[in-house]
Amino acid sequence: MALRGLKVLELAGLAPAPFCGMILADFGASVLRVDRVGANADLDCLGNGKQSIALNLKHPDGVKIMRELCKSSDVLIEPFRKGVMEKLGLGPEILLKDNPRLVYARLTGYGQTGPFSKSAGHDINYVGLSGVLSLFGRYNEKPIFPVNLAADFGGGGLMCALGIILALYERHSSGLGQVIDHSMVEGTAYLSSWLYRSQKLPIWGKERGKNYLDTGAHFYEVYETKDGKYMSVGALEPQFYENLLEGLQLSYEDAPQHENFEKSKELFAKKFQEKTQEEWCKIFDNIDACVAPIMTLTDAPKHQHNLERRSFIKGEHGIVPMPAPVLSRTPGKASGILPAPHTGEHSHLILKKLGYNDRDIIKLVENNVVQCFQKSAL
């Protein structure tokens, strides 16, 4: 796989950092998650295919082990607020001196500088500060946040993975690692570059919920079907709108594309209520109208298109997506089919590789420096 041989350390967290590590693991990297002693690893549903060592980084011996791990690693992913790693004695100045080739990725909400750099936050806060949340929502309603997809995963973990790949690529010529200061606010804003740059186009210019792409237009909307399911309509271009009207058995006079949006919405809503989702699919699967069913997480893997492309695979958490994009020679392999590690499951193995003997490891466990997972006797 594309990242085979890459050694990654991922300091345990939730959502963004595990997703970043998952992407690297899916394309072949060896990812070691550094858990806290006593932590509940079950909260991390993106840990499949990784290993786990549990360390007490507030203990000098735990810090020593972490530094040893960093000396032989290519990448470190850390999700803590500004100053936490420095307080532990694991800041980039120290670790890059130990290993000048290390790519030190700092994945935080607000970045390492600025008045919010030490503040707590979640996806909704980062999307809000990015300016993007102001665009999401219907007319005369408050902004609606897109679950935790935009900042945690798109602007967070995915964008950080891109930064890591860029730093690794640059290392080929310089031989040196570097620090990645990745703010999820900035990642979300950058992810939304088209939204920022397109505000003077005709599709925008009105209040939230009154524009083409934000639920204002009848030809870019979600409609409920007779059986309580939904269809997505995205017939922006005239030729697709023509085909949409054909599928709905309506004339242009019934619903002009750029007039009477609310009246046309009501008409479309009534039409879509006349048939089930399956019946509409039979019509629009054969018409190029930018109409597609809205599938549930259960139904999406069963759709004929996704089945043919093998877009999903059965994993530990049920059906999971295959890695994307698809590479022709070195495609990824879904880590979701592999078991997720228990906290400290690989502590003994990793410590042995670092040169610790059994007596050393027992002492570390007794001193609460390390946790080794023990399978329960049946």
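What comes next concerns the included structure. (Residues numbered from 1 in each chain as written. Predicted model: local features only at pLDDT ≥ 70, side-chain atom pairs only at ≥ 80, totals over all residues. Heavy atoms only, no water.)

Some remarks on the overall build of the protein chain
- Per the secondary structure count, the protein chain includes 15 helices and 12 strands.
- Dimensions of the protein chain, computed from C-alpha atoms along their principal axes, come out at roughly 85 × 50 × 40 Å.
- When burial is assessed residue by residue, the protein chain has 45% of its 378 residues classed as buried.
- For the protein chain, restricting intrachain contacts to residue pairs at least 6 apart in sequence, the fraction spanning at least 24 positions comes to 63%.
- Just so you have it, the protein chain exposes about 21,000 Å², and 55% of that area is on carbon and sulfur atoms. (Helix = DSSP H or I, 4+ residues; strand = E, 2+ residues; numbered from the N terminus. Buried < 20%, exposed > 50% of the residue type's maximum accessible area, 1.4 Å probe, protein only. Contact = heavy atoms within 4.5 Å. Areas by Shrake-Rupley, 256 points an atom, 1.4 Å probe, with all protein chains shown as cover.)

Notes on a negative patch on the surface
- Negative charge collects at one region of the surface, where Glu224, Asp227, Glu278 and Glu279 lie side by side.
- Tracing the chain through its elements places Glu278 in helix H12 (residues 277–284). (Patch = residues over 30% accessible without salt bridge, like charges linked within 9 Å, V, L, I, M, F, W, Y side chains within 5 Å. Salt bridge = Lys/Arg side-chain N within 4 Å of Asp/Glu carboxyl O. Lys, Arg positive; Asp, Glu negative; His and termini not counted. Charge placed at Lys NZ, Arg CZ, Asp CG, Glu CD.)

Concerning the packing of aromatic side chains
- Counted by the stated rule, this structure contains 15 aromatic pairs.
- On the basis of an interplanar angle of 85 degrees and a centroid distance of 5.7 Å, the ring pair of Phe219 and Phe261 is categorised as edge-to-face. Residue Phe219 is found in the loop between helix H9 (212–216) and strand E7 (220–224), and its partner Phe261 is found in helix H11 (residues 261–272); the two are separated by 42 residues along the sequence. Accessibility assignment for this pair places Phe219 and Phe261 in one class, buried. (Phe/Tyr/Trp six-rings, centres within 6.5 Å; stacked < 30°, edge-to-face > 60°.)

So, the sheet that holds strand E2 (residues 30–36)
- Pairing is mixed in the open sheet, where 7 strands are placed in the order E6-E5-E4-E1-E2-E3-E12. Looking along the sheet, the strands with just one partner apiece sit at the ends: strand E6 (179–183) and strand E12 (370–371).
- Here 4 bridges tie strand E4 (residues 75–78) to strand E5 (residues 103–108), and the two strands are oriented parallel to one another. Note that in E5 the partner of Glu78 across the bridge is Arg106.
- Strands in contact with helix H1 (residues 16–26) are strand E1 (7–11), E2, E4 and E5; relative to E1, the strand with the most contacts, it is inclined by about 165 degrees.
- Sitting on the sheet, helix H2 (residues 60–71) is in contact with E1, E2, strand E3 (51–55), E4 and E12, with an inclination near 145 degrees to E3. (Pairing = 2+ DSSP bridges. Axes fitted to C-alpha atoms, helices over the stretch in contact; angles between N-to-C directions.)

Focus on the sheet that holds E7
- A sheet is described by the order of its strands in space; here 3 strands give the open sequence E7-E8-E9, paired in antiparallel fashion. Edge positions in the sheet fall to E7 and strand E9 (291–294), since each has one partner strand and no second. Averaged over all adjacent pairs, the angle separating strand axes in this sheet is 25 degrees, with direction ignored.
- One ladder, built from 5 bridges, connects E7 with strand E8 (residues 230–234); its direction is antiparallel. By the bridge assignment for E8, Glu221 is matched with Val233.

Quick word on the packing of helix H10 (residues 238–248) against H11
- Closest axis-to-axis distance for the H10/H11 pair is 11 Å, and the angle between their directions is 45 degrees. Relative to H11, the element H10 is oriented oblique. Within the contact between the two elements, H10 uses Tyr241, Leu244, Leu245 and Leu248 and H11 uses Phe268, Lys271 and Phe272.
- Looking at the contact of H10 with H11, its residues break down into 6 nonpolar, no polar and 1 charged. (Parallel < 35°, antiparallel > 145°, perpendicular 65-115°, else oblique. Nonpolar A, V, L, I, M, F, W, Y, C, P; charged D, E, K, R; others polar.)

So, H2
- Its 12 residues give H2 an end-to-end C-alpha distance of 17 Å, which sits within 8% of 16 Å, the value for a rise of 1.5 Å per residue.
- Burial in H2 covers these residues: Gly62, Val63, Ile65, Met66, Leu69 and Cys70. Down the axis of H2, the buried side of the element spans an arc of 160 degrees, and every buried residue falls inside it. (Expected span 1.5 Å × (residues − 1). Arc of directions from axis to C-beta.)

Here we look at unusual backbone geometry
- In the segment running from Ala324 into Pro325, the intervening peptide bond is cis, with an omega of 0 degrees.
- Mapped onto the fold, Pro325 is located in the loop between strand E11 (318–321) and helix H14 (347–353).
- Positive phi values are uncommon outside glycine, yet Ala15 reaches one of about 70 degrees.
- Tracing the chain through its elements places Ala15 in the loop between E1 and H1.
- A positive phi angle, close to 60 degrees, is found at Cys290, a residue other than glycine.
- Counting through the fold element by element, Cys290 comes out in the loop between H12 and E9.

Observations regarding the pattern of salt bridges
- Scanning the entire structure with this criterion turns up 12 salt bridges.
- Residue Asp74 pairs with Arg171 through a salt bridge whose shortest N-O separation is 2.9 Å. One end of the pair, Asp74, is in the loop between H2 and E4; the other, Arg171, is in helix H6 (residues 149–174), and 97 residues separate them in sequence.
- Residues participating in the shared-partner salt-bridge network are Arg33, Asp35 and Asp44.

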